[in-house]
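An overview of the molecular structure
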Amino acid sequence: MKPFFSQIQNASLRKELLRAIRNHWTHDSTAIEGNTLTLGDTDFVLSEGLTISGKPLSHHQEVYGHAKAIELVYALLKKPEIKQDDLFLLHQAVLSEHIADIYYPVGKWKIEPNFTFYIRDDKEMEHEFPHPAVVPALMDQWLGDANAWADQIKSPKDAIQSYANLHAKFVAVHPFVDGNGRMARLLANIPLLKNGYPPINIPSEERLTYLIAVSEITAPCGDVSLQGDIEQIVDANAVNRFAGLCERWWQPILELVDRTIQKDAKLRSQSFQND
Ligand SMILES: Nc1ncnc2c1ncn2[C@@H]1O[C@H](COP(=O)(O)OP(=O)(O)OP(=O)(O)O)[C@@H](O)[C@H]1O
Ligand SMILES: [Mg+2]
């Protein structure tokens, strides 16, 4: 099915809708990661190509990289399947401000184990993500799931399940040295876009709720450092709870798209009356 924006016939409305979605998606995803550019700054930087006085150069580059990655995601919709190299290209765009070195691979899987610390019952907990040795096999399974979901979505409920499942599994593998959150928030939308749905966007104001939800997805699985089965590295109940949050987070973008489609239809009916 064609992506949601191709139903909008008026070129200016279509362009403005894509710009608004790009701004929200880029701003929220980079702000979750710590970027200090506001939504207005993000639009200004991307639309005008100018910088915001006093804000770090790296934050501007992150925003540019993310916007470029969204374009790559839209281009991927034309391909029948996504492959490992597509993920590597997207990773290069997302981390374009970083100079790669052997311990900081950009456009390649991580080469060292990675960890996260989180608080549970007021105690500092540590979670080790799957070891680099099992990442290629886990990511083959993830790509298989992503390509299968693209053919299986039949309703908005399926779209939410697909997004939550792919997002959860991606961050649970944590295949890259950095940028895993931004990559998950981009990639998990591909099956939705392929099925004509707008993307799910996680609002940056919900950062804490989001981070607690993802930590609950991986925490119950215990030591997964050498686990080679992707189904075993996420907790199914926690993924369902995450899906409930994703459904709520989707609403503002759905409403924006609906308003634009209605405006487009009104324009067309007016132009018929004028004929
Ligand atoms: N306990 C956890 N289990 C699984 N995933 C987690 C956990 N805590 C955080 N995450 C995920 O990892 C991401 C952070 O990883 P990383 O620094 O590689 O990504 P990033 O894109 O640079 O940062 P960010 O996700 O903050 O934008 C979080 O956004 C979240 O998606
Ligand atoms: Mg990071």
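Keep in mind that this is a model prediction, so the values were computed, not measured.

Okay, the overall build of the chain next. Looking only at helices and strands, one finds ten helices and two strands in the chain. Mapped in sequence order, the helices and strands of the chain form the string α-α-α-α-β-β-α-α-α-α-α-α. The C-alpha radius of gyration computed for the chain amounts to 19 Å, which stays within 12% of the reference 19 Å derived for 275 residues, consistent with globular compactness. Projected onto its principal axes, the C-alpha positions of the chain cover 70 × 45 × 40 Å. Taking as baseline every contact in the chain between residues at least 6 positions apart, the subset at least 24 positions apart corresponds to 66%. Taken as a whole, the chain presents about 13400 Å² of accessible surface, with 54% of it coming from carbon and sulfur. Treating the 27 positive side-chain charges of the chain as one cloud and the 36 negative ones as another, the clouds have centres 8 Å apart.

As a further point, take the site of ligand 1. Residues in contact with ligand 1 amount to 18 residues; listed here are only the nearest, Glu33, Asp178, Arg185, Tyr210 and Thr218. His174 is positioned with one of its side-chain polar atoms (N or O) 3.3 Å from an oxygen atom of ligand 1. One nitrogen or oxygen atom from the side chain of Tyr210 is found 2.6 Å from an oxygen atom belonging to ligand 1. Here ligand 1 loses 87% of its free accessible area of 590 Å² to cover by the protein chains. Those elements that provide at least two residues to the shell around ligand 1 are helix H1 (11-32), helix H7 (180-187) and helix H9 (207-218).

With that out of the way, let us pick up the nonpolar core. Note that soluble globular proteins tend to have their nonpolar side chains buried in a common cluster. Ranked by internal contacts, the top residues of the largest apolar core, which has 74 residues, are Ile21, Tyr74, Leu87, Trp142, Phe170 and Phe242. Take this core: its biggest share by element is eleven residues, from helix H10 (residues 236-274). Excluding anything up to four places from it in sequence, Trp142 contacts Ile82, Leu87, Leu166, Lys169, Phe170, Leu187 and Ile230. Counting residues in hydrophobic clusters, the runner-up holds six residues, among them Leu37, Val45, Ile52 and Val63.

This part covers the pairing of strand S1 (residues 115-120). In terms of strand pairing, S1 meets strand S2 (residues 123-128) through six bridges, oriented antiparallel. By the bridge assignment, Thr116 is partnered in S2 with His127. Taken together, S1 and the strand that follows it, S2, pair antiparallel across an intervening segment of two residues, in which Asp121 is found at a positive phi of about 50°.

A cluster of nonpolar side chains, contributed by Ile102, Tyr103 and Ile111, occupies part of the molecular surface with about 350 Å² of accessible area. Note that Ile102 resides in the loop between helix H4 (84-94) and S1. On the basis of relative accessible area, Ile102 is assigned to the exposed category, the value being 62%.

With respect to the element layout, Ser204 can be found in the loop between helix H8 (190-194) and H9. On the basis of relative accessible area, Ser204 is assigned to the buried category, the value being 15%. For Ser204 and Leu89, which are 115 residues apart along the polypeptide, the C-alpha to C-alpha distance reads 25 Å. Among residues more than four places away in sequence, those in contact with Ser204 are His27, Asp28, Ala31 and Ile32. Side-chain polar atoms of Ser204 contact the side chain of Asp28, separated by 2.8 Å.

Glancing now at the side chain of Asn195. Structurally, Asn195 is set in the loop between H8 and H9. Within the structure, Asn195 has its side chain in polar contact with the backbone oxygen of Pro191 (distance 2.8 Å). Ignoring sequence-local partners within four residues, the contact set of Asn195 consists of Met1, Trp149, Ala150 and Ile153.

Thresholds, definitions, all that
Residues numbered from 1 in each chain as written. Chains lettered and ligands numbered in written order. Predicted model: local features only at pLDDT ≥ 70, side-chain atom pairs only at ≥ 80, totals over all residues. Heavy atoms only, no water. Helix = DSSP H or I, 4+ residues; strand = E, 2+ residues; numbered from the N terminus. Rg over C-alpha atoms; globule rule 2.2 N^0.38 Å. Contact = heavy atoms within 4.5 Å. Areas by Shrake-Rupley, 256 points an atom, 1.4 Å probe, with all protein chains shown as cover. Lys, Arg positive; Asp, Glu negative; His and termini not counted. Charge placed at Lys NZ, Arg CZ, Asp CG, Glu CD. Near = heavy atom within 4 Å. Polar contact = N/O pair within 3.5 Å; in protein donor to acceptor, adjacent residues only side chain to side chain. Core = buried A, V, L, I, M, F, W, Y, C linked by side-chain atoms within 4.5 Å. Buried < 20%, exposed > 50% of the residue type's maximum accessible area, 1.4 Å probe, protein only. Pairing = 2+ DSSP bridges. Patch = residues over 30% accessible without salt bridge, like charges linked within 9 Å, V, L, I, M, F, W, Y side chains within 5 Å. Salt bridge = Lys/Arg side-chain N within 4 Å of Asp/Glu carboxyl O.

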